[in-house]
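Next come the chains, spelled out residue by residue.
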Amino acid sequence: MGTGGGLVVIDFSAQGNSAWFRHAGWSGQEPDRVWGIGPRCVLRIPLQTSGVACILEVELGPCHAPPEISGQIVRINMNGVAIGWTRLDALAMIRCEIAPSVTDGDGLQDIEFEFPGFYQPEMLGRSTDSRPLSAWFSFARLYTTDMFRPGPHFPTSHPDIPVISLMPPLAGAPVADMKTVTYTFGRGATAFRYMRDGWNLGEANFTWTEGNVSRLELPAPGGSGCYALRLDAWPMTVPGEVPRQDVTILLDGYVIGQQRLDGRSFWLVPLPRELTEGRTVLPLAFALPDARRPSDFGDSPDSRQLGIALSSIGVIPLPDHLRAAGSLRAEQEASPPPIAVSREFLAVGKATLPTAIEATLKIGPAALARGFESIGTNCEFGIVQRQLGVEVLNLFRFCNVPLPELMLALTDDLKLLADPAAVTVELNDAERREFVVALPAYNLRWHTFTYEDQGNQETLARTHGIKLGYLRRKFYEGLSAGRKIYVVKQRPPIAVAQALALLMELNRHGHATLLWVEQALDATRSGEVELLAPGLMRGYVERFAPDNDVESADTADWLRVIANAFLLHQGPNAVFREAEHAA
Amino acid sequence: MNNKELATRLTSMLREAFSRPTLEYRARAQMRDIPGFDSVNFVMMILALEAAFDIQLREDEVDSIFTMGDVFALLRRNVPETD
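Residues numbered from 1 in each chain as written. Chains lettered and ligands numbered in written order. Predicted model: local features only at pLDDT ≥ 70, side-chain atom pairs only at ≥ 80, totals over all residues. Heavy atoms only, no water.

**Q** Could you clarify how one ought to interpret the layout of surface pockets in this entry?
**A** To locate leftover empty space, one rolls a probe as large as a water molecule over the atoms. Roughly 880 Å³ of internal volume is contained in the largest pocket. Secondary-structure elements contributing two or more residues to the lining of the largest pocket are β27 (444-451) and α6 (457-481) of chain A together with α2 (39-53) and α3 (59-63) of chain B. No other element matches the seven residues that α6 of chain A contributes to the lining of the largest pocket. (1 Å grid on protein atoms, 1.4 Å probe; cavity = no way out; pocket = protein on both sides within 12 Å on 5 of 7 lines; lining within 4 Å. Points joined across faces, edges and corners; volume = space filled by probe spheres on them. Helix = DSSP H or I, 4+ residues; strand = E, 2+ residues; numbered from the N terminus.)

What follows is the structure, given as structure tokens:
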């Protein structure tokens, strides 16, 4: 193991010493290398710098597949401070000088490598490697400049390997007029003029990708700052034959997102600033290894090689308070490490839980539950609030809405709710038939708790139309006020990228915090809540109630979740809000 | 509008919103205990109050209504008091 006050050498080969220094985000040992896994990997190096500058030298090669995938963007941070970035398109040695102000004079130096372009080769259909790979490392050196000078005595491992330096980190305030631009797909829609090869224009309101690669050149956002793409798309599937489509999205040859689509989905893909700043065009490519011809299966006459259908792509600015989300590449397989986790009350039994919560939080369960608002996807949390003694009027409390349709409705600002004529009333097919209010254009359905023998369809349509119009107004007032935590129950689990898309949508109107709740795969996590990004929490319950028996919801489990969400909201999430106000 | 006039007006509006011609104003009476109370006629009541007094109630104000007295207090804060 290389040690010493002024020099540490790390060898990533099987005979080397890297295991001593690899802290997080690494693969297992391979004969000549170790891979970085996911969006970041960290080396923790004990080096006494004694207040002098350091030199960092790292030899690494990108996960890439030329010519389609050029390489990786590499950002280096030391002890939480951004040092710089570069494009890594081949094996190279990065050399950079680190100012004394960044180093920890006496202690451990945390060197973080960020790779926004990591990807799973398996999802490109060329390999069985399902690891989210970024770059492989052969060696690293960190030394103080008072002891050594960079030079030929510290060469690369081969004379042909270039030495590259870092560019300064991208920073600075965004321009004031960052606006969302949405491109729609279909014949004559706004995306048409930006489509290059690999599209089929046969449909009116959406567009299929055709072939294994589809290209699009969108105008780059005008202002400096953090942006993301918000995609609304669904896959070509054939039951029993083609269950899903794997999509890899590239920008200028670098992977910016991968998604496994088995149904319609809105999701968010952060755009690395290194690939958007100073550009006029965003050259996007969609790699679709699973694209198939429907005619190859059954009776379909459609011989087009279809991958995914796109309805819209938005280029959206990330608000200041959500800029941290811009560093999240949020596929499920690479779920980011949480900023904080709250696991209070998990061992507290149902009988004593309300007392324990009130004693700790200084707020009773009912008052606690009033600080949350359900936004779907069914009425389970609304029922939980009722069981906790809370009756509040909320738009989505007793609404059934699949997540993609919720996104569709929100991106349209729920405009149709302001039109009572758009609301319909129908009887459901339950044993005791209930009138259900529906907004077919968004596929939203609300309980009325009025049964066939109790109401009149016409009257219900009129009164519920008025009620929903008011609740729409109240919903947006609440979003603007930013007091509540919005709760979405989601089964099956969704990728962080999908939750981020919802968070961004809510944050168009104020500083909303989103708590999305899933069933815990590990029952011991039931009640736990993670803060994944400012404003974004994920909670776990042991089980959801069956759709036809939401009254059987496990109130205690939900109560633990909202108590832990409250703690995170008052703690680390509040720190972000206060920092933003200070800024 | 003084307190007595406000209470009289509120009683009249509660009777109309919940279709209960004999409903009496009692400050501590829970809104949910009014016969026939549901979310639809509660919303209708809010909208009727806003129209009658030319005010707009904030969502947090509406969320804090539990009793008839809460409605009265809310109106008192929003409607100028006169002798």
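**Q** What's the story with the packing of helix α1 (residues 3-17) of chain B against α2 of chain B in this structure? I'm lost.
**A** To describe two helices that pack against each other, one gives the angle between their axes and the distance between the axes. All names here are of chain B. For the pair α1 and α2, the least separation of the axes is 10 Å and the interaxial angle reads 140°. It follows that α1 is oblique to α2 by the angle criterion. Crossing of α1 over α2 shows right-handed handedness. Residues Leu-6, Arg-9, Leu-10, Met-13, Leu-14 and Ala-17 of α1 form the contact with α2, whose participating residues are Asn-41, Met-45, Ala-48, Leu-49, Ala-52 and Phe-53. (Axes fitted to C-alpha atoms, helices over the stretch in contact; angles between N-to-C directions. Parallel < 35°, antiparallel > 145°, perpendicular 65-115°, else oblique. Left-handed = near helix turned anticlockwise from the far one by under 90°. Contact = heavy atoms within 4.5 Å.)

**Q** It is not clear to me how the interface of chain B and chain A should be interpreted in this structure. Could you clarify?
**A** Size of an interface, as often reported, equals the accessible area lost when the parts are brought together. Opposite the 18 residues of chain B that make contact, chain A presents 16 residues. Between chain B and chain A, the buried area comes to about 1500 Å², and carbon and sulfur atoms account for 59% of it. Among the residues chain B hides against chain A, the three largest losses belong to Val-43, Glu-59 and Asp-63 of chain B. Together they make up 38% of the total. The tally of links from chain B across to chain A stands at four salt bridges. With a closest N to O distance of 3.0 Å, Arg-483 of chain A and Glu-59 of chain B form a salt bridge. On the surface where chain B and chain A come into contact, there are nine residue pairs in polar contact (both at pLDDT 80 or more). Put simply, the parts of the chain that give the side of chain B that touches chain A at least two residues each are α2 and α3 of chain B. A total of eight residues in the side of chain B that touches chain A trace back to one element, the largest contributor, which is α2 of chain B. (Buried area = accessible area lost by both parts, 1.4 Å probe. Salt bridge = Lys/Arg side-chain N within 4 Å of Asp/Glu carboxyl O. Polar contact = N/O pair within 3.5 Å; in protein donor to acceptor, adjacent residues only side chain to side chain.)

**Q** Could you clarify how one ought to interpret the domain arrangement of chain A in this entry?
**A** Residues and elements named next belong to chain A. One can read the domain layout of chain A as domain 1 (7-164), domain 2 (181-327) and domain 3 (340-582). Between the C-alpha centres of domain 2 and domain 3 the distance comes to 29 Å. On the side of domain 3, 17 residues touch domain 2, which itself brings 15 residues to the contact. Of the roughly 1500 Å² buried between domain 2 and domain 3, counting both surfaces, carbon and sulfur atoms make up 74%. Counting across the interface, domain 2 meets domain 3 through one salt bridge. The salt bridge partner of Arg-230 is Glu-505, with a shortest N-O separation of 3.0 Å. (Domains from an automatic or database assignment.)

**Q** Whenever I open this one, the pairing of β27 of chain A confuses me. Can you help?
**A** Looking along a regular strand, one sees the side chains alternate between the two faces of the sheet. Residue and element names in this part refer to chain A. Burial along β27 is one-sided: the face carrying Leu-444, Trp-446, Thr-448 and Thr-450 is buried and the face carrying Arg-445, His-447, Phe-449 and Tyr-451 is not. Bridge count between strand β24 (residues 399-400) and β27: two bridges; the pairing is antiparallel. Directly across from Cys-399, in β27, lies its bridge partner Trp-446. Hairpin connection between strand β26 (residues 434-439) and β27: a loop of four residues separates the two successive antiparallel strands, and Asn-443 in this loop has a positive phi of roughly 60°. (Buried < 20%, exposed > 50% of the residue type's maximum accessible area, 1.4 Å probe, protein only. Pairing = 2+ DSSP bridges.)

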